[in-house]
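Overview (structure and organization)
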Amino acid sequence: MTVRVLPTDDITLKITKTVDGKDVSNRSAFEYGTSLEICVEAPRILGASAAVLRIKSDDIGAERDIPLDFCDSNCGSDVYGTILDLAELCGNEKSGLFYYEFLFIRALFIDP
């Protein structure tokens, strides 16, 4: 899945989702108890020094920020990712609808 980043159309993100090593990027629903690996590849020109996955539950409206690990650099892009335990994410409900977005942290270094 490729997503355009605002405010410019020149920057795109590549989002991949895998379950048990299998690419499931085209899926949007997963079974309870699945471990879902989600990664985002962002061009280095974005200037990100860190990334966060923000997840919001449709049922209760709770928002959660999950820091992403830096995984790799690939042809001018940086890859960030995490593994989500969907049973833990859903809690006692055993199911749920979630919206997500990626936040990129841009560090500003000031020379004293």
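Going by the structure above, here's the rest.
Residues numbered from 1 in each chain as written. Predicted model: local features only at pLDDT ≥ 70, side-chain atom pairs only at ≥ 80, totals over all residues. Heavy atoms only, no water.

1. Brief notes about the sheet that holds strand β6 (residues 63-67)
Rule in force here: At least two DSSP bridges between two strands are needed for those strands to be called paired. Counting from the N terminus, the helices are DSSP H or I runs at least four residues long and the strands are E runs at least two residues long. Every axis corresponds to a line fitted to the C-alpha atoms, with the helix fit spanning only the stretch in contact, and the corresponding angles, defined between N-to-C directions, vary from 0 to 180 degrees.
The 3 strands are arranged β6-β5-β9 in an open sheet whose pairing can be described as antiparallel. With partners counted over all chains shown, the strands left at the sheet margins are β6 and β9 (98-105), one partner each. For this sheet the average axis-to-axis angle between neighbouring strands, irrespective of direction, equals 25°. Bridging between strand β5 (residues 50-57) and β9 involves 8 bridges; their strand directions are antiparallel. Bridge pairing in β9 places V52 opposite L103.

2. Remarks on the packing of aromatic side chains
When we look at a pair of aromatic rings, we describe it by the centre distance and by the angle of the planes. Counted only if it meets this: Here a Phe, Tyr or Trp ring, Trp counted by its six-membered ring, pairs with any other such ring whose centre lies within 6.5 Å, and the pair is stacked when the planes are under 30 degrees apart, edge-to-face when over 60, and tilted otherwise. The cut-offs for exposure are 20% and 50% of the maximum accessible area for each residue type, with area from a 1.4 Å probe on protein chains only; residues under the lower value are buried, those over the upper are exposed, and the others partly exposed.
Inspection of the entire model under this criterion finds 2 aromatic pairs. Residues F70 and Y80 carry aromatic rings whose centres are separated by 5.7 Å and whose planes lie at 75° to one another, so their mutual orientation is edge-to-face. One end of the pair, F70, is in strand β7 (residues 69-74); the other, Y80, is in strand β8 (residues 77-85), with 10 residues separating them in the sequence. By relative accessible area, Y80 is classed as buried at 4%. Centroid distance Y100 to F102: 5.8 Å. Interplanar angle 80°. Geometry classified as edge-to-face. With relative accessibility at 35%, the residue Y100 sits in the partly exposed group.

3. Focus on the nonpolar core
What tends to happen in soluble globular proteins is that the nonpolar side chains get buried as a cluster. Put simply, the rule reads: We call a set of buried residues a nonpolar core when its members are Ala, Val, Leu, Ile, Met, Phe, Trp, Tyr or Cys and they connect through side-chain atoms within 4.5 Å of each other. It only takes one pair of heavy atoms within 4.5 Å for two residues to be counted as in contact.
One finds V40, L53, L68, L84 and F102 to be the most contacted residues of the largest nonpolar core, which totals 21 residues. Listed by contribution, the elements that provide at least two residues to this core are β2 (12-19), β4 (35-43), β5, β8 and α1 (86-90). Ranked by residues supplied to this core, first place goes to β4 with 4 residues. Excluding its chain neighbours within four sequence positions, the residues that come into contact with L68 are V40, A51, V52, L53, Y80, G81, T82 and F102.

4. Focus on the state of the cysteines
Note the threshold: Criterion for a disulfide: a pair of cysteine sulfur atoms at a distance within 2.5 Å.
Applying the stated rule across the entire model yields 0 disulfides. Of all cysteine sulfurs, the one in C39 lies closest to C71, which takes part in no disulfide; the gap is 5.0 Å.

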